[in-house]
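Chain and residue survey
One letter stands for each residue in the lines below.
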Amino acid sequence: MAKKSKTKKSSKKSGGGFFARMFDMFTALMIIVIAGAAVWYFMFYDPDKNVRTGENIENLKDKKLVSSSEKEQKFDPAADEEEQNRIDGEYFEGEDEMTAQFEDEFASNFEQQNSTDQIASVPGSFAVSVKKWASKYEGLKYRLGADPDKDRAADNSHLICAIWRNSAAENKMKFKGYMDSKEILKNTSKVSKGDIKNGDLVVLNDGMFGMITDLSSPNNFNLIYASESKNKVVKSDTQGLSYYWLKPENFKGFYRLNKDILN
């Protein structure tokens, strides 16, 4: 009886060991698979990179398609030609304006240089003499054709020529002699405001002129002329001149005798 009982116990022990070993092997295999997957995941797999790369590729494709579509929509031969003509017009019109401005400045500079070569060179003592003779003639009666040194009256051209003649004589200079108004203007050249001197003329657009005297600065001087309307030789200061003589719509410029007339 004791021998049978021992045999049964040994058989049960053998069956349980087989299944236990199979379970252990399966468990170990699962652990190896899980561990390998984990290692691969952490070492080689980057989900963000893959997703972003895919998105970038798609975005590039979309942008390329949109860009191509916009080009097809925006390209209009007629509009393109019109825009180019507008740009060309602005460029060439601007070039014309700049060219015209350059030509005007060049002509002005040339005229100024030419005037400088022609105008008389007068000493400072000449300006003193002009002031003296202008004061002497101020207030004389106006009379057409009268010479102030002979008739104690004067018209405008005789007044101006008398001041030049006497001032030239006092400074050992030569003056051509009496000239009418048209000849006076013909034998003068324009000077800049900053260069004006006693004996220069202020000329109006209508041909009327007077002589600068008592100059203390380009903005402060007197003007003497024979006025038919006032029936006398008058002298006006800068403030008085601003109401008519120096107004832009009336004023032509400052002028000086040429050196072949006064030297």
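Below is a summary of the structure that appears in this document. Please read all numbers here as calculations on a predicted model, not as lab measurements.

**Some thoughts on the environment of Pro-218**
With respect to the helices, strands and loops of the structure, Pro-218 is situated in the loop between strand 5 (209–217) and strand 6 (220–227). On the basis of relative accessibility, which here comes to 31%, the residue Pro-218 falls in the partly exposed class. C-alpha separation for the pair Pro-218 and Lys-193, spaced 25 residues apart in sequence, amounts to 6.1 Å. Once residues lying within four places of it in the same chain are set aside, the contact partners of Pro-218 are Lys-193, Gly-194 and Ile-196.

**Some words on helix 6 (residues 156–170)**
Relative to the 21 Å expected for 15 residues at 1.5 Å per residue, helix 6 spans 22 Å between its end C-alpha atoms, a close match to the ideal helical length. Positive backbone phi, at 55 degrees, marks Lys-172, one or two positions downstream of helix 6.

**Thoughts on the side chain of Asn-171**
Within the element layout of this structure, Asn-171 appears in the loop between helix 6 and helix 7 (181–186). Residue Asn-171 is classed as buried on the basis of its relative accessible area, which comes to 16%.

**Focus on the pattern of salt bridges**
Considering all chains together, one arrives at ten salt bridges under this definition. Between Asp-195 and Arg-256 there is a salt bridge whose closest N-O contact spans 3.6 Å. Placement of the pair is Asp-195 in the loop between strand 3 (188–191) and strand 4 (201–204) and Arg-256 in strand 8 (residues 251–257), with a sequence separation of 61 residues. Classification of Asp-195 as partly exposed rests on a relative accessible area of 32%. Measuring nitrogen to oxygen at the nearest pair gives 3.3 Å for the salt bridge that ties Glu-249 to Lys-247. Each of Glu-138, Asp-214 and Lys-235 takes part in one network of salt bridges that share partners.

The rules we used
- Residues numbered from 1 in each chain as written.
- Predicted model: local features only at pLDDT ≥ 70, side-chain atom pairs only at ≥ 80, totals over all residues.
- Heavy atoms only, no water.
- Helix = DSSP H or I, 4+ residues; strand = E, 2+ residues; numbered from the N terminus.
- Buried < 20%, exposed > 50% of the residue type's maximum accessible area, 1.4 Å probe, protein only.
- Contact = heavy atoms within 4.5 Å.
- Expected span 1.5 Å × (residues − 1).
- Salt bridge = Lys/Arg side-chain N within 4 Å of Asp/Glu carboxyl O.

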